[in-house]
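Spelled out, the chains give:
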Amino acid sequence: MIEPSVLSPPERLLWAQGVRSPAHIDLEAIAASRGARVIYRQLDGCAARMVASGNKAVISVAFEDNPGRRRFSLGHELAHWICDANRTAFKCANADIGPQNAEAKSVEANANSYASQLLLPDYLVVPWVGVRPVNLDAAQALANDFRASLTASVIKLARLAKAPSVVVCHEQTRLRWFRRNLAFPYDFFVRGQLHQDTAAFDMAFGAASGMSRPKRESADRWFSGPGAYRQVVSSQSVKLPDRTVLSLISLV
Ligand SMILES: [Zn+2]
C-alpha cells in the first residue's frame, strides 16, 4: 500500500487523480483539471510554450515531434504552470526540454525533473522494474508501457539500478551528455570519444543501426579512472533517430 505523504509532488498529483497503472496517466486530463488547454501545432524555434492569463493557460506543443517527446514536452510545460510562481509565459527550446537535463538548479531543470516523475512515477516504475535486468531492452519495454521516450526510460532505469550505472549519449566525435546514478564511482570519468571496439562506435560511424545486444567488455573502453582497466562493464547501445548513439553502461 502506498502512503501518499511520502510521494514527490508530481506523484501526489497523479495519485490524487486516481492513477494506479501506467495507462491511467492522462496528462491532457491533468491539464484540463488545472485550467490549461493543450494544442498541438507548428512552433517556430521552440518545442513547447505556455501562455497564462489568470487561472487559465494555453500550452502549445510542437506536433512534428514523436509521441514520447510530445508527452515529455507537455509534462515540462505543466510543471511551469503548476510550480512556477511567475508563470505568465514560457517559451522552451528543444535544448531546455529533456530528461537528461534534470539535475542542474534551474527553472528548466526543475521542470524536466517534474516531467520525468509525471511520465514515469517511481511508485509505478519501481514495482514494474521488479527483478528485470537493467538494460536497454527493459528500457524499451518501460517506454512502451508508459508511453515515454526511450531516453527518459533508460535514465529512470539507471537511476533505480543498484549496480553503478551511467547513461551516455554520443555524437560521432564527442560526448553530448551523460547521467550517472548515485552508486557510480565519483572518480570515474566518461571518455569524450567512443572507443573503436564498441558497438556504439559502429553505430556512430557505420551502417549499424537498431539496438546492440548487451555485451561485457573492459570498463577502460568507456571510462578513465583508477583501476578502470581491471573492471568489467555490461554495455548496450542504440542509434536514435537524431543519429546520436545512446548507451547504458553498468559496472559488473
Ligand atoms: Zn521550460
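Counting restarts for each chain: residues are numbered from 1 in the order of the written sequence. Only residues with pLDDT of at least 70 are given local features in this predicted model, and only at 80 or more are side-chain atom pairs given and counted; all residues enter the totals for whole chains, interfaces and linings.

Peer 1: I'd like a rundown of the overall build of the protein chain, residues and numbers included.
Peer 2: Regarding its fold elements, the protein chain presents eight helices and eleven strands. The globule rule is 2.2 Å times the number of residues to the power 0.38, and the radius of gyration it is compared with is taken over C-alpha atoms. Radius of gyration (C-alpha) of the protein chain: 19 Å, near the 18 Å computed for a compact globule of 252 residues. Across its three principal directions, the C-alpha atoms of the protein chain cover 60 × 45 × 30 Å. When burial is assessed residue by residue, the protein chain has 39% of its 252 residues classed as buried. Within the protein chain, contacts between residues separated by at least 24 positions form 53% of all contacts whose residues are at least 6 apart in sequence. Note on conventions: DSSP H or I runs of at least 4 residues are helices, E runs of at least 2 residues are strands, and numbering of each starts at the N terminus. Partly exposed residues are those falling between the two cut-offs: more than 12 but fewer than 20 other C-beta atoms within 10 Å of their own, whereas 20 or more means buried and 12 or fewer means exposed, with C-beta atoms placed from the backbone. Each residue is represented by a C-beta atom placed from its backbone, and any two residues with such atoms within 7 Å are regarded as in contact.

Peer 1: Account for the domain arrangement of the protein chain, naming residues and giving values.
Peer 2: Just so you know, the domain bounds were taken from an automatic or database domain assignment. Per the domain assignment, the segments making up the protein chain are domain 1 (4-119) and domain 2 (163-252). Distance from the C-alpha centre of domain 1 to the C-alpha centre of domain 2: 30 Å.

Peer 1: I'd like a rundown of the sheet that holds strand β8 (residues 215-218), residues and numbers included.
Peer 2: Here five strands make up an open sheet; going across it, the order is β6-β5-β11-β10-β8 and the pairing antiparallel. The sheet is open, and its two edges are formed by β6 (175-180) and β8, each paired on a single side. Across the sheet, the mean angle separating the axes of adjacent strands is 30° when strand polarity is ignored. One requirement defines pairing of two strands: DSSP has to find at least two bridges between them. Pairing analysis gives four bridges linking β8 to strand β10 (residues 232-239), with the strands arranged antiparallel. The partner of lysine 215 across the bridge, within β10, is serine 235. To get an axis, fit a line to the C-alpha atoms, keeping to the stretch in contact for a helix; angles then go from 0 to 180 degrees between the N-to-C directions. Packed on one face of the sheet, helix α7 (residues 150-160) meets β5 (165-170), β6 and β11 (245-251) and runs near 155° to β5.

Peer 1: So, the nonpolar core: which residues are in play, and what are the values?
Peer 2: Any set of buried Ala, Val, Leu, Ile, Met, Phe, Trp, Tyr and Cys residues joined through C-beta atoms within 7 Å is what this text calls a nonpolar core. Ranked by internal contacts, the top residues of the largest apolar core, which has 65 residues, are Ile59, Leu78, Leu119, Ala139, Val154 and Ala158. Ranked by residues supplied to this core, first place goes to α7 with six residues. There are two domains that each give this core at least three residues, and those are domain 1 (4-119) and domain 2 (163-252). Beyond its immediate stretch of four places on either side in the chain, leucine 78 contacts Leu27, Ile30, Ala31 and Leu118.

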